[in-house]
Amino acid sequence: PRKSISAQCSWGVRCDDADAARRLVSELAAEVVARARRLLKPSARIKACGLKLWRALDLADQAATCKSGVGHGRCDVLTRSEPTRHAPRQPFFGLPADTIVLDAACRLLDALDVPPSRIRGLGVKLDLLVGPAPPSDQPDIASFLAPPPPPPPQPDDDDDDSGPPRPRPPGKRPRRGLVIVPVGPPGAGKSTFFAQHLAPRGVARASQDLLKTKKKVIDTVAAHARQRRPVYVDRCNYDRDQRAPWLALARDHRADCVALVFPADPETCARRAARRFNHDGGLDQRDPARCAAVVNKIATVLTPVAPDEAFDAVLPVPDADDRPDALNHLLDDLLPPHPSRPRADDDDDRPNHSAAPSSEVLQTAPPASLPDPPAPWTCAHCTFINHNPTFLACELCNLPRSS
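Reading guide: rules and limits
- Residues numbered from 1 in each chain as written.
- Predicted model: local features only at pLDDT ≥ 70, side-chain atom pairs only at ≥ 80, totals over all residues.
- Heavy atoms only, no water.
- Helix = DSSP H or I, 4+ residues; strand = E, 2+ residues; numbered from the N terminus.
- Expected span 1.5 Å × (residues − 1).
- Buried < 20%, exposed > 50% of the residue type's maximum accessible area, 1.4 Å probe, protein only.
- Contact = heavy atoms within 4.5 Å.
- Disulfide = S-S within 2.5 Å.
- Phe/Tyr/Trp six-rings, centres within 6.5 Å; stacked < 30°, edge-to-face > 60°.
- Pairing = 2+ DSSP bridges.
- Axes fitted to C-alpha atoms, helices over the stretch in contact; angles between N-to-C directions.
- Arc of directions from axis to C-beta.
- Polar contact = N/O pair within 3.5 Å; in protein donor to acceptor, adjacent residues only side chain to side chain.
- Salt bridge = Lys/Arg side-chain N within 4 Å of Asp/Glu carboxyl O.
- Parallel < 35°, antiparallel > 145°, perpendicular 65-115°, else oblique.
- Left-handed = near helix turned anticlockwise from the far one by under 90°.
- Nonpolar A, V, L, I, M, F, W, Y, C, P; charged D, E, K, R; others polar.

A. Spatial organisation of helix α8 (residues 240–252). The terminal C-alpha atoms of α8 lie 18 Å apart, and with 13 residues this matches the ideal 18 Å at 1.5 Å per residue to within 8%. By the burial criterion, the buried members of α8 are Q242, R243, P245, W246, L247, L249 and A250. Elements that come into contact with the buried residues of α8 comprise β5 (178–183), α7 (214–226), β7 (230–234) and β8 (256–261). Remark: R254 follows α8 within two positions and exhibits a positive phi of approximately 55 degrees.

Rendered as structure tokens:
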């Protein structure tokens, strides 16, 4: 759409006095209004009126510099503008347009205060509103592009303080989001722990090695926390500043936030990293020296989780081979019980089979059927078929997985 319309004259302009200059301004204003009515829609609105003036630099050499003796010659070009005096939302053509433009142009001519004998050209311009004027409560571009605010949290059973406390049904746990924050250097076993123990329980993984940027990791964690689904932040999270965003996301979405502390022996971690094959972040057997350098660098800045960081729980990760019972209790504290194993707290509710020989139990129990292999998923961006269902980003294009 047209943003402005103008009329100007800079050939053969010679003004003997102020009245001659005003007559020229009046003619230009009438021409601008006529052009506007001919070229613009009736709903067009004017927001400002401008004046352009050619002022001669030196009257002595006008004959030498003016083309054919009637041109403008060497001049300074001055411009002024002012907003219109009527409401911008009111249609321009519903008002006495000739009077409005003429009055504005005359005020600008008086403001420039140029002697009439030095005027060598004049122009009148109208700046138009493109489309209807925005309402006063319309947000600006920054607030429009900002992410939408999170939905209001739904009250849980344990958060309702009105009235007497209601008894919770046996075995029922409030459905809250869970953000699991591992703490440890590369090679500490964070990804292996997730693949072996958390992925079978339906926990999603947000890995910066796969998503490539921290912003994508934050968006992924926020999406799962908003839906009250458990998510595992697969990063080193080596100090307070690295762990703070996940605590803030968990608090904003009323989710629990748990820190898992992995053993941080640099020598062991470097040896494990150097034995890996085709690691997502490139720290593997292809460059053992880089593995040792990165592990040592992270180990030097690794700080333990402080009590004032306000995690809901800080749990050390035991070695699954040496302490399987401790690992089972850790997982029971993090997540609902696994379908194949009841919680340790529910021992009193289960029938006691301790007197029965283990051989008889094995003979009478039906054989457990193996679960179906997880189905692959197709990337909506590049149509690549990903065979790992725990990946939240495509292996080929690294774009996030569509929900």
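Now that the structure has been shown, we can carry on.
B. Expanded view of the state of the cysteines. Under the criterion given, the structure shown has 0 disulfides. No disulfide involves C49; its sulfur sits 9.7 Å from the nearest other cysteine sulfur, which is in C106. Just so you know, C269 is unpaired, no disulfide at all, and the nearest cysteine sulfur is the one on C236, 9.5 Å from it.

C. Here's a closer look at the packing of aromatic side chains. For the coordinates displayed, the defined rule picks out 2 aromatic pairs. Aromatic pair F193 and F262: ring centres 5.7 Å apart, planes at 85 degrees, arrangement edge-to-face. Of the two residues, F193 is situated in helix α5 (residues 190–198) and F262 in the loop between β8 and α9 (266–275); the sequence distance between them amounts to 69 residues.

D. Representation of the sheet that holds strand β2 (residues 45–56) in the model. Sheet architecture is open: 4 strands sit in the order β1-β4-β2-β3, paired in antiparallel fashion. The strands lining the two open edges of the sheet, one partner per strand, are β1 (4–9) and β3 (75–83). Within the sheet, the average angular offset between the axes of one strand and its neighbour, ignoring direction, is 15 degrees. Sheet topology places β2 next to β3; 9 bridges connect them, and they run antiparallel. Across the sheet, the residue bridging to L53 is L78, located in β3. Across the sheet, helix α1 (residues 18–39) touches β1 and β4 (119–129), and the angle it forms with β1 is around 145 degrees.

E. Structural detail: unusual backbone geometry. Its identity as a non-glycine residue notwithstanding, K212 has a phi of 75 degrees, on the positive side. Looking at the element boundaries, K212 is found in the loop between α6 (208–211) and α7. Residue class for K212 comes out partly exposed when judged on its relative accessible area of 44%. Phi is positive for R254, close to 55 degrees, though the residue is something other than glycine.

F. Quick look at the environment of D103. Tracing the backbone through its elements, the reader meets D103 in helix α3 (residues 97–112). A relative accessible area of 38% places D103 in the partly exposed class.

G. Up close: α5. Buried residues of α5: K190, F193, F194, H197 and L198, and no others. Along the long axis of α5, the arc covered by the buried residues comes to 105 degrees, so they all point the same way.

H. Geometry of the side chain of S207. Checked against the element boundaries, S207 lands in strand β6 (residues 204–207). There is a polar contact of 3.5 Å between the side chain of S207 and the side chain of R205. Excluding residues within four positions of it along the chain, S207 makes contact with V217 and D234.

I. Quick look at the pattern of salt bridges. Counted according to the given criterion, the structure contains 11 salt bridges. The residue D308 makes a salt bridge to R240 at a minimum N-O spacing of 3.1 Å. Of this pair, D308 sits in the loop between α10 (288–301) and β9 (313–316) while R240 sits in helix α8, placing them 68 residues apart in sequence. A residue is classified by how much of its surface remains accessible, and D308, at 56% relative accessible area, is exposed. Relative accessible area serves as the criterion here: at 38%, R240 is assigned to the partly exposed category. R243 is the partner of E309 in a salt bridge, and the nearest nitrogen-oxygen pair spans 2.9 Å. With a gap of 66 residues between them, E309 in the loop between α10 and β9 and R243 in helix α8 connect regions that are remote in the sequence.

J. Representation of the packing of α7 against α8 within the structure. Running from N to C, α7 and α8 point in directions that differ by 25 degrees, and their axes come no closer than 10 Å. As summarised for this structure, α7 and α8 are arranged roughly parallel, according to the angle between their axes. Crossing of α7 over α8 shows right-handed handedness. Along the contact surface, α7 presents K214, V217, I218, V221 and A222, while α8 presents Q242, P245, W246 and L249. Of the residues belonging to the contact of α7 with α8, the class tally is 7 nonpolar, 1 polar and 1 charged.

K. Structural view of the environment of R401. You can see R401 is positioned in the segment after β11 (385–386). On the accessibility criterion, R401 (33% relative accessible area) is partly exposed. Along the primary structure R401 and H381 are separated by 20 residues, whereas in three dimensions their C-alpha atoms are 8.8 Å apart. Those residues in contact with R401 that sit more than four places away from it in its chain are W377, P389, F391, L392 and A393.

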